[in-house]
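# Report on the structure
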Amino acid sequence: MAITTHDTETDVQDRAILVSLVTDKIKRTGIDPELSLQELVQLAETAGVEVLDVLRQNKETPDSRWFIGKGKVEELRMAADALGANTAIFDQELSGAQVRNLEEALDLKIIDRTQLILDIFAGRAKTREGIIQVELAQLSYLLPRLSGQGKNLSRLGGGIGTRGPGESKLETDRRHIRDRITELKRQLDEVVKTRELHRERRRKAGAVQVALVGYTNAGKSTLLKQLTDADVYIENQLFATLDPTSRVLELAGGKEVVLTDTVGFIQNLPHDLVASFRATLEEVNEANLVLHVVDASSPMREEQMEIVQSILQDLGAAGTPQIVLFNKIDLCQPEQLEMLPTGTGYLKISAFNPEDLTRITEIIADELAGDTLNFRIPGDRGDISSLLYRVGEVLETTYDENDVLYNVRLNKEDYDKWGYMLADFVDQQ
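Numbers given to residues run from 1 along each chain, matching the order in which its sequence is written. The predicted nature of this model means local features are confined to residues of pLDDT at least 70 and side-chain atom pairs, given and counted, to a pLDDT of 80 or more, with totals for whole chains, interfaces and linings taken over all residues. Heavy atoms throughout the structure, all of them, feed into the side-chain values; hydrogens and water do not.

As recorded in an unreviewed UniProt entry, the chain goes by the name GTPase HflX, listed as coming from Paenibacillus etheri. UniProt positions are given in the numbering used here, feature names are shortened, and annotations may be inferred rather than shown by experiment. Regarding the chain, the relevant UniProt record gives this comment under Cofactor (unreviewed entry): "Mg(2+)".

The next subject is the overall build of the chain. Scanning the chain from N- to C-terminus turns up 17 helices and 15 strands. Here the term buried applies to any residue with accessible area under 20% of the maximum for its type, exposed to any over 50%, and partly exposed to those in between, with areas from a 1.4 Å probe on protein chains only. Burial analysis of the chain (429 residues in total) assigns 51% to the buried set. In this description, contact between two residues means that some pair of their heavy atoms is separated by no more than 4.5 Å. A sequence separation of at least 24 residues applies to 71% of the contacts in the chain between residues at least 6 apart. Only the protein chains shown count as cover for residues, and all accessible areas are computed by the Shrake-Rupley method using a 1.4 Å probe. When the accessible surface of the chain is summed, it comes to about 20100 Å², and 48% of that surface belongs to carbon and sulfur atoms. Numbering goes from the N terminus for both helices and strands, where a helix is a DSSP run of H or I of at least four residues and a strand is a run of E of at least two.

In this description, a nonpolar core means a group of buried Ala, Val, Leu, Ile, Met, Phe, Trp, Tyr and Cys residues linked to one another through side-chain atoms lying within 4.5 Å. Of all hydrophobic cores here, the largest spans 40 residues; its most connected members are Ile-89, Leu-116, Phe-121, Val-213, Phe-265, Leu-273 and Leu-312. Secondary structure elements with two or more residues in this core: β3 (15–22), α2 (33–46), α5 (113–124), α6 (128–142), β7 (209–214) and α13 (301–315). With 25 residues, the next largest nonpolar core counts Val-208, Leu-224, Leu-289 and Ile-360 among its residues.

Strand pairing requires that DSSP identify at least two bridges connecting the strands. Ordered in space as β8-β9-β7-β10-β11-β12, the 6 strands form an open sheet in which the pairing is mixed. The open sheet has two edge strands, β8 (245–250) and β12 (346–348), and neither has a second partner. Geometrically, the sheet is characterised by an average inter-axis angle of 25 degrees between neighbouring strands, direction not taken into account. Sheet analysis places strand β11 (residues 322–327) next to β12, joined by 3 bridges and oriented parallel. Counterpart to Val-324 in the pairing with β12 is Tyr-346. Its contacts with the sheet place α13 against β7, β10 (289–295) and β11, and it is angled at close to 150 degrees to β10. Axis lines are fitted to C-alpha atoms, over the contacting stretch for helices. Their N-to-C directions set the angle, which ranges from 0 to 180 degrees.

With that settled, the discussion passes to the sheet that holds β3. Hydrogen bonds between backbone atoms are what pair the strands of a sheet, whose relative direction is either parallel or antiparallel. Sheet architecture is open: 4 strands sit in the order β4-β3-β5-β6, paired in parallel fashion. If you trace the sheet from one side to the other, it starts and ends with β4 (50–58) and β6 (109–112), each paired once. Taken over all neighbouring pairs, the strand axes of this sheet differ in orientation by 20 degrees on average, direction set aside. Judged from the 8 bridges that link them, β3 and β4 form a sheet pairing that is parallel. Within β4, the residue paired with Val-19 across the bridge is Leu-55.

Side-chain alternation along strand β5 (residues 87–90) places Thr-87 and Ile-89 on one buried face and Ala-88 and Phe-90 on a second face that is also buried. Bridging between β3 and β5 involves 4 bridges; their strand directions are parallel. Counterpart to Ala-16 in the pairing with β5 is Thr-87. Both β5 and β6 contribute to a ladder of 4 bridges, which runs parallel.

When you tally the buried positions in β11, you get 5 out of 6 residues, the bulk of the element. Sheet analysis places β10 next to β11, joined by 6 bridges and oriented parallel. When the bridges of β11 are listed, His-292 appears paired with Val-324. For the segment spanning β10, α13 and β11, crossover handedness is right-handed. Here is how to tell: hold the view so the strands point away, follow the path from the first strand over the helix to the second, and if it runs clockwise the crossover is right-handed.

The next subject is the pattern of salt bridges. Take a side-chain nitrogen of Lys or Arg and a carboxyl oxygen of Asp or Glu: if they are within 4 Å of each other, that pair is a salt bridge. Applying the stated criterion across every chain yields a total of 19 salt bridges. Between Lys-72 and Glu-75 there is a salt bridge; the shortest N-O distance is 3.1 Å. One end of the pair, Lys-72, and the other, Glu-75, are both in helix α3 (residues 70–83), 3 residues apart, so they sit about a helical turn from each other. In this structure, Arg-186 engages Glu-190 in a salt bridge whose closest nitrogen and oxygen atoms are separated by 2.5 Å. Of the two residues, Arg-186 and Glu-190 are both situated in helix α9 (residues 174–204); the distance of 4 residues between them amounts to about one turn of the helix. Through salt bridges with shared partners, one network takes in Arg-376, Asp-400, Asp-403 and Asp-427.

Let us now look at the packing of aromatic side chains. Note on aromatic pairs: the rings of Phe, Tyr and Trp (six-membered ring only in Trp) are paired at centre separations within 6.5 Å, and the planes decide the class, stacked below 30 degrees, edge-to-face beyond 60, tilted for the rest. Following the criterion strictly, the structure yields 4 aromatic pairs and no others. Ring geometry for Phe-326 against Tyr-346: centres 6.0 Å apart, planes inclined by 10 degrees, an arrangement best described as stacked. Taken as a pair, Phe-326 in strand β11 and Tyr-346 in strand β12 lie far apart in primary sequence, 20 residues in all. We classify Phe-326 as buried; its relative accessible area is 0%. Note on Tyr-389 and Tyr-406: the rings are 6.0 Å apart at their centroids and 90 degrees apart in plane angle, and the pair reads as edge-to-face. Pair noted here: Tyr-389 is in helix α16 (residues 382–391) and Tyr-406 is in strand β15 (residues 403–410), with a separation of 17 residues, a long-range link. Exposure remark for Tyr-406: the relative accessible area of 8% places this residue in the buried category.

Right, dumping it as structure tokens:
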């Protein structure tokens, strides 16, 4: 999806030089600057930007005025003139003053990593909740930077960094933006309450939930489509899908679970975005099982897995039972496959291999399966019989006068959840 700046006579594409500053602080945080820069290239291409060159600088601390050193600013200006760049995209977050100073010195549109990700999310959001979340994150990011927006606010048309809230909102004063943020939070609270009602309804209905999580572009949406015939957008780009999608997946034995595809994770996911999307991300906390989808062909596989685990930890979902699906093995070299962990909790798959899809449903069923229990249900308690079918796997049914005898495989978590309704019907014989 190309993002262009619309002029009355012609469409001018963003042609950018990417800039990365590696400081001592970044080194201490454990963030991989090279991985981050590679992702910035992918993010820019996802936003339809033509990447012309990449500049790197190592510096103890950022320059308070220019972010990068003054000499590097001059190098960037010369490179932009030589290559015909109209945009500079920085891999770290800039202050409003730094944006203003760089624009004045370079006569380029200045975008940072956070603004680029927010722009991509703005183009991906389709549901009311997603649109509200993105605008809230954009305005929260913009508010402390109003004084530094300078030329960005005066530029006509679109292009990266101007999508979403729109020119009229960006040019209003702080009070107007704060009022808008307050209104968006109110609207989001209403949506969150509705989401919680849906969660509660699913819990009462005994729905078993399985969440697909993973680094962006690991193949989660493809898996959802292949497993459930879901009509979802799939593209080989970052954040191709944004809004969570849930579909019913039938397992062996007829048991059904709700399979939910969540937004992809990424290194340095903007704080404002995480805060705005927290209600959506917390769908993971409702899951009985997490399927962690990993791009096995990625050279940064282990780092991506660590980032996903870190975000799950922050969301409070690190303790949820998890299966790691090493996806895209059809794109792997033999030596890459040999390095992948094996054993319980790991599965090497291709989302396009029917046999692998069957193995996934089998391992989900095995993971969710539990102890076998016998229940004696009076014939007039159809509600309890229906509950058994929803929360367990009914292995055998027999009849004894007016009672129905069920032999059911039920995992401990589900029995703990529904024991208050089922305990009186357990057949001890």
